[in-house]
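Each chain is listed here by its residues.
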Amino acid sequence: TTTRPATTPSVAAAIRPGPMAAPSPATPVRLAGSTPVIDHVPTDRKVIFLGIDDGLVRDPELIELLREERIPLTLFLTSEPAKDGRDFFRALVALGATVQDHTVTHPKMSTLGWSDQQKQICSQATTVAANYGVRPTLFRPPYGEWNETTRGTAAACGQKAIILWRGATNDGRLDIVGGQFHPGDILLLHFRKDLIENLHLVLQDAREQGYRIGRLEDWIGTGPTHPMFPRGG
C-alpha cells in the first residue's frame, strides 16, 4: 500500500474552493451578546455549515473527498484524537478545514462545576493551539449540553461562541428541523465509519435544494481567513 504524503498549507494556497463552497461574506454576520450560543447563522443566503465532532475514526477517504469537493469543514476535536491524529487532521486543515474545541474528555458539561468546565475547555484549546498553530475560538459542548457556567468558562478560555446544531446525520439519514435546510443551518456530523456516506448525503441534498457550504468562522468573524476561502461580496 502506497502512503500519500500529507497535504501541506503551501499546496492548499494554490487550490481554489469548489462549486459547493459558499463565498465568505465581505462583512461577517454580527452575533448578539457575549459568547452567544448559536445553532444557525442569521442570514437569508442559501448557505449551511458543517461541524464534525470527536475525531476517533480517521478515514483517509475524507482527505480525497475534500480534494475533490473543496468545501470547508469545522472540526470539533477532543484531546486524544487531536494529538494522536495530528497528521490526518493537519491534512484536512491544509484543505480548508479548521480545528475547534470539543473538550478534553467529552463530558456532559452541565454536570461539572466551574473549575472542571474551565479545565475541559481551556486545556483543549491549548492542545489545539500546540498541535495546529491556531488557538480555537469556537466551542461545541458534547451532547449539546451546556449551562451559564459553560458560557462563562468558554468566554474565560477565549471562545467567542458556543456552537450547537439544527440538524444531524446518523447511519445515512439526515434529521433536520423542519425536514429541509434553512439559510444558515449548522449541522452535526461525527468522525465515525459512516462519515463519508453522511457527507455525500448532505452534499446531495444541498445540491438539490440549492445550498452551498460556508466556512463558519468567516461568516461569524471568529477566526483567521484561509487562502482557499477569501472574503467576497
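Residues numbered from 1 in each chain as written. Predicted model: local features only at pLDDT ≥ 70, side-chain atom pairs only at ≥ 80, totals over all residues. Heavy atoms only, no water.

Caption draft 1: Geometry of the overall build of the protein chain. In terms of helices and strands, the protein chain carries 8 helices and 10 strands. Taken over C-alpha atoms, the radius of gyration comes to 16 Å for the protein chain, in line with the 17 Å a tight globule of 233 residues would show. With respect to the principal axes defined by its C-alpha atoms, the protein chain has extents near 45 × 45 × 35 Å. Buried residues in the protein chain amount to 51% of all 233 residues. Within the protein chain, contacts between residues separated by at least 24 positions form 75% of all contacts whose residues are at least 6 apart in sequence. Only carbon and sulfur atoms are counted for the fraction: they give 51% of the accessible area of the protein chain, which is about 10,300 Å². In the protein chain, which carries 25 positive and 25 negative side-chain charges, the distance between the mean positions of the two groups comes to 7 Å. (Helix = DSSP H or I, 4+ residues; strand = E, 2+ residues; numbered from the N terminus. Rg over C-alpha atoms; globule rule 2.2 N^0.38 Å. Buried < 20%, exposed > 50% of the residue type's maximum accessible area, 1.4 Å probe, protein only. Contact = heavy atoms within 4.5 Å. Areas by Shrake-Rupley, 256 points an atom, 1.4 Å probe, with all protein chains shown as cover. Lys, Arg positive; Asp, Glu negative; His and termini not counted. Charge placed at Lys NZ, Arg CZ, Asp CG, Glu CD.)

Caption draft 2: Quick peek at the confidence of the model for the protein chain. On average, residues of the protein chain score 92 in pLDDT, and 93% of them reach the 70 mark or higher. Scored below 50 in pLDDT, residues 1–10 shows 12 contacts in the model against residues more than four places distant or in partner chains. (pLDDT = per-residue confidence, 0-100.)

Caption draft 3: Seen up close, the pattern of salt bridges. Inspection of the entire model under this criterion finds 9 salt bridges. Between Arg-166 and Asp-39 there is a salt bridge; the shortest N-O distance is 3.3 Å. Of this pair, Arg-166 sits in the loop between strand E6 (161–163) and strand E7 (167–170) while Asp-39 sits in the loop between strand E1 (37–38) and strand E2 (47–54), and the two are 127 residues apart along the sequence. Under the relative-accessibility criterion, Asp-39 is labelled partly exposed at 26%. (Salt bridge = Lys/Arg side-chain N within 4 Å of Asp/Glu carboxyl O.)

Caption draft 4: The arrangement of the packing of aromatic side chains in detail. With the rule as written, the count across this model stands at 4 aromatic pairs. On the numbers, 5.8 Å between centres and 70 degrees between planes, the contact of Phe-49 with Trp-219 is edge-to-face. Here Phe-49 is found in strand E2, whereas its partner Trp-219 is found in helix H8 (residues 216–220), with 170 residues between them in sequence. Each member of the pair Phe-49 and Trp-219 is classed as buried. Taking 5.3 Å as the distance between ring centres and 80 degrees as the angle between the ring planes, the aromatic pair formed by Phe-89 and Phe-191 counts as edge-to-face. Here Phe-89 is found in helix H4 (residues 86–94), whereas its partner Phe-191 is found in the loop between strand E9 (186–190) and helix H7 (195–209), with 102 residues between them in sequence. Of the two residues examined, Phe-89 and Phe-191, each falls in the buried class. The structure contains a cluster of three or more aromatic residues connected by ring pairs, namely Phe-88, Phe-89 and Phe-191. (Phe/Tyr/Trp six-rings, centres within 6.5 Å; stacked < 30°, edge-to-face > 60°.)

Caption draft 5: Molecular detail of the state of the cysteines. Counted according to the given criterion, the structure contains 1 disulfide. Two residues, Cys-122 and Cys-157, share a disulfide whose sulfurs are 1.8 Å apart. Its torsion about the S-S bond being -100 degrees, the disulfide of Cys-122 and Cys-157 is classed as left-handed. Linking Cys-122 in helix H5 (residues 114–132) with Cys-157 in the loop between helix H6 (148–156) and E6, this pair joins segments that are 35 residues apart in sequence. Judged by its relative accessible area of 3%, Cys-157 is buried. (Disulfide = S-S within 2.5 Å.)

Caption draft 6: The environment of Arg-30, seen in detail. Among the secondary structure elements, Arg-30 is positioned in the loop between helix H1 (9–12) and E1. Counting along the chain gives 11 residues from Arg-30 to Val-41, while the straight-line C-alpha distance between them is 9.3 Å.

Caption draft 7: View of the side chain of Asn-131. With respect to the helices and strands, the residue Asn-131 is situated in helix H5. Exposure remark for Asn-131: the relative accessible area of 9% places this residue in the buried category. Within polar-contact distance, the side chain of Asn-131 engages the side chain of Arg-86 at 3.4 Å. Once you skip the residues sitting within four places of it in the chain, Asn-131 turns out to touch Ala-82, Lys-83, Arg-86 and Arg-90. (Polar contact = N/O pair within 3.5 Å; in protein donor to acceptor, adjacent residues only side chain to side chain.)

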